[in-house]
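Residue-level listing of the chains:
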Amino acid sequence: QVQLVESGGGLVQPGGSLRLSCAASGFTFSNYVMRWYRQAPGKERELVATITGASFSKDYLDSVKGRFTISRDNAKNTVYLQMNSLKPEDTAVYYCNADRRPFQGGYWGQGTQVTVSS
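A.B. asks: Residues and numbers for the environment of Q113, please.
C.D. replies: With respect to the helices, strands and loops of the structure, Q113 is situated in strand β11 (residues 112-116). Judged by its relative accessible area of 39%, Q113 falls in the partly exposed class. Linking Q113 and S7, residues 106 residues apart in sequence, is a C-alpha distance of 8.9 Å. If sequence neighbours within four positions are ignored, Q113 has contacts with G9, G10, T91, A92 and V93. Among the polar contacts made by the side chain of Q113, one reaches the main-chain carbonyl oxygen of A92 at a distance of 3.4 Å. There is a polar contact of 3.3 Å between the side chain of Q113 and the side chain of T115.

Structure follows, in structure tokens:
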């Protein structure tokens, strides 16, 4: 069965770092665009970062550019989100998403909580 399992969330102080991982199984990982989304309480879900399947082309939400890095290891069927210089406004549940053309929603993980607070 298809699975996306996020890990690596937690509580971190402002300015700190976390690395999120999303382990995928049950589909041909390298054929899928991988994305990280986040959703804070009372707010809409927003797209944080995207990485394509083969060329590893990347795109980021403007507010995380220069601080976050998305990467993937197709041999390990895993996508990562390295988050540096974290800010309280980064606090959210972070979700991993896998999709392919024609984009139609794809697969979702269960989410992992990131809390940035002193």
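Don't stop here, the text continues.
A.B. asks: Go over the packing of aromatic side chains, please, and point to the residues and values.
C.D. replies: Scanning all chains against the criterion turns up five aromatic pairs. Ring geometry for F27 versus F29: centroids 6.4 Å apart, planes at 45 degrees, classification tilted. In this structure F27 comes out as buried when scored by relative accessible area, which is 13%. Residue F29 is classed as buried on the basis of its relative accessible area of 2%. If you follow R35 out to its NZ or CZ, it ends over the ring of F103, 4.9 Å from the centre. Sitting above the plane of the F29 ring, R72 keeps its charged end 4.4 Å from the centroid.

A.B. asks: Residues and numbers for the sheet that holds strand β8 (residues 78-83), please.
C.D. replies: Spatially, β1-β3-β8-β7 is the arrangement adopted by the four strands of the open sheet, whose pairing is antiparallel. With partners counted over all chains shown, the strands left at the sheet margins are β1 (3-7) and β7 (68-73), one partner each. If you compare each strand with its neighbour and ignore which way they point, the axes differ by 15 degrees on average. Direction of pairing for β1 relative to strand β3 (residues 18-25): antiparallel, over a ladder of five bridges.

A.B. asks: Which residues make up the environment of V79, and what values go with them?
C.D. replies: With respect to the secondary-structure elements, V79 resides in strand β8. Along the chain, V79 and S118 lie 39 residues apart, while their C-alpha atoms are 28 Å from each other. Here V79 is in contact with L20, S21, C22, F29, M34, W36, I51, I70, S71, R72 and C96, once residues within four sequence places are set aside.

A.B. asks: Requested: an account of the pairing of strand β4 (residues 33-39), with residues and values cited.
C.D. replies: Along any regular strand the residues' side chains alternate between the sheet's two faces. For β4, a buried count of six out of seven residues is recorded, marking the element as mostly surrounded by other parts of the structure. The pairing of β4 with strand β5 (residues 46-51) spans five bridges and is classified as antiparallel. Paired with Y37 across the strands is L47, a residue of β5. The hairpin turn running from β4 into β5, its antiparallel successor, is six residues long, and G42 in that turn takes a positive phi close to 75 degrees.

Calculation rules
- Residues take numbers from 1 onward in each chain, read along the sequence in its written order.
- Predicted model: local features are reported for residues with pLDDT of at least 70 only, side-chain atom pairs are reported and counted for 80 or more only, and whole-chain, interface and lining totals are derived from all residues.
- Side-chain numbers come from the whole structure's heavy atoms, not from hydrogens or water.
- Secondary structure elements follow DSSP: runs of H or I no shorter than four residues count as helices, runs of E no shorter than two count as strands, and numbering proceeds from the N terminus.
- Here the term buried applies to any residue with accessible area under 20% of the maximum for its type, exposed to any over 50%, and partly exposed to those in between, with areas from a 1.4 Å probe on protein chains only.
- Contacts: residue pairs with any heavy atoms within 4.5 Å of one another.
- The term polar contact refers here to a pair of N or O atoms within 3.5 Å; inside protein, the definition further demands a hydrogen-donor-capable atom paired with an acceptor-capable atom, and it admits residues adjacent in sequence only when both atoms are side-chain atoms.
- A pair of aromatic rings is counted whenever rings of Phe, Tyr or Trp (Trp by its six-membered ring) have centres within 6.5 Å, and the orientation is called stacked for planes under 30 degrees apart, edge-to-face for over 60 and tilted otherwise.
- Remark: a charge is flagged as sitting over a ring if the NZ atom of Lys or the CZ atom of Arg is within 6 Å of the ring centre and within 35 degrees of the ring normal.
- Only strands that DSSP links by at least two bridges are regarded as paired with each other.
- Note on method: axes are straight lines fitted to C-alpha atoms, helices fitted across the in-contact stretch only, with angles between N-to-C directions ranging 0 to 180 degrees.

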